[in-house]
Amino acid sequence: MHLILAARRTEQMNALAQDLLTKHGTNCHIVTIDLAAPDAGRLLMDEIDRLGVNVELLVNNAGIGLIGAIENATPEEVQRMLNLNILTLTDLTYRILPGMLERGHGAIINVSSVAAFQPVAFMGAYSASKSYVLHFSEALWAEARSRGVTVLGLCPGVTTTEFFERAGAPGWLDKHSSQTTFKVVKTALSALEKRRQYVIPGWKNYFLSLLVRLTTRRTAVNESKRYFRSGKRNNKTSE
Ligand SMILES: NC(=O)c1ccc[n+]([C@@H]2O[C@H](COP(=O)([O-])OP(=O)(O)OC[C@H]3O[C@@H](n4cnc5c(N)ncnc54)[C@H](OP(=O)(O)O)[C@@H]3O)[C@@H](O)[C@H]2O)c1
């Protein structure tokens with residue numbers, strides 16, 4: 001077994017596992033799990049322990065967004081998002097990183113976002129959750145690097161996935177330029193090899209991350225309003 005895939009949709013994971021086996025001879029173990037559930041990190045770790053394997057590379061990728069005015073999301077939806085984006089990611093890191101440090105090798109990729117660099121209107125809780133992921137990852141990078149372990153904060157910009165459909169902004173992706181997941185993964189693996197603390201795939205996204213340093217925080221957050229003002233979840237807001 002080379003890979004453990006963990007998400008909710010078993011069918012998609014089976015298809016991916018089959019593809020990886022055919023193309024690369026990679027064996028996958030599939031865990032169907034809701035990573036937004038409060039005890040998800042422990043349950044996943046129990047499964048990994050049952051398999052009797054050491055995790056050499058942990059990719060904390062599962063994450064969701066909520067796009068729209070604050071009154072258009074329920075507190076329960078926000079809580080699930082924060083459970084997934086922050087709590088389970090932290091929990092898994094705390095459960096897996098110590099073993100890597102003990103063995104003196106291993107790596108973690110935590111998927112943050114270019115939205116981590118500044119507050120973003122109409123996705124305030126999401127962008128703040130990604131700031132958490134970036135800061136947490138960078139701090140661990142500094143702690144772990146002298147002990148043979150790398151922690152990378154991956155900060156993609158707009159990427160062609162189901163993210164915007166699911167976050168409440170259907171069709172948004174069609175109107176904006178985006179990167180492929182291939183490009184994002186390639187950049188991440190190259191940054192991991194160089195043992196960088198964080199990486200932003202694409203120079204335009206890198207420039208976007210600097211915006212908050214080139215202008216005032218007030219201007220940066222006001223400018224961010226235009227990205228998602230007309231999202232599906234904003235029906236009740238005019239401005
Ligand atoms: N797309 C972008 O523009 C963009 C930009 C910056 C950062 N990101 C980040 O990239 C990461 C991946 O998102 P994506 O763009 O690939 O979006 P996506 O296409 O919606 O994929 C999200 C992934 O997370 C899994 N997931 C969602 N909720 C889950 C849950 N409760 N339990 C277990 N797994 C769950 C999904 O699998 P199941 O639904 O089967 O569970 C799916 O594999 C996220 O952390 C996101 O914040 C995305």
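What counts, and at which threshold
Residues numbered from 1 in each chain as written. Predicted model: local features only at pLDDT ≥ 70, side-chain atom pairs only at ≥ 80, totals over all residues. Helix = DSSP H or I, 4+ residues; strand = E, 2+ residues; numbered from the N terminus. Expected span 1.5 Å × (residues − 1). Buried ≥ 20, exposed ≤ 12 C-beta atoms within 10 Å, placed from the backbone. Arc of directions from axis to C-beta. Contact = placed C-beta atoms within 7 Å. Pairing = 2+ DSSP bridges. Axes fitted to C-alpha atoms, helices over the stretch in contact; angles between N-to-C directions. Core = buried A, V, L, I, M, F, W, Y, C linked by C-beta atoms within 7 Å.

Here's the deal with helix α4 (residues 124-144)
Three- or four-residue spacings in an α-helix give side chains the same orientation, since the helix completes a turn every 3.6 residues. The terminal C-alpha atoms of α4, which comprises 21 residues, lie 30 Å apart, in line with the 30 Å expected from a rise of 1.5 Å per residue. Among the residues of α4, those classed as buried are Tyr126, Ser127, Ser129, Lys130, Val133, Leu134, Ser137, Leu140 and Trp141. On an axial view of α4, the arc spanned by its buried residues comes to 155°, and they lie on one face. For α4, the secondary structure elements touched by its buried residues are α3 (75-103), β4 (106-111), β5 (149-154) and β6 (198-199).

Digging into unusual backbone geometry
Only a minority of non-glycine residues have a phi that is not negative, and only a minority of peptide bonds are not trans. Positive phi, close to 65°, is recorded for Phe122, a residue that is not glycine. Among the structural elements, Phe122 can be located in the loop between β4 and α4. Its identity is not glycine, yet Arg195 carries a phi of approximately 60°, on the positive side. When you line up the elements, Arg195 lands in the loop between α6 (181-193) and β6.

Focus on the sheet that holds strand β3 (residues 57-60)
Taken together, the four strands give an open sheet; going across it, the order is β3-β4-β5-β6, and neighbouring strands pair in parallel fashion. Pairing within the sheet leaves two strands with one partner each, and these edge strands are β3 and β6. Of the strand pairs in this sheet, β3 and β4 are connected by four bridges, and their pairing is parallel. Bridging from a neighbouring strand, Asn60 pairs with Asn110 of β4. In the packing of α4 onto the sheet, the strands contacted are β4, β5 and β6, and the crossing angle to β5 comes to about 160°.

Examining the nonpolar core
One finds Met123, Leu152, Cys155 and Val199 to be the most contacted residues of the largest nonpolar core, which totals 47 residues. Examining the composition of this core, we find that seven residues originate from one element, α3, more than from any other. When neighbours within four sequence positions are excluded, Leu152 is seen to be in contact with Ile109, Ser137, Ala188, Ala191, Leu192, Arg196, Tyr198 and Val199.

By themselves these figures say nothing about function.
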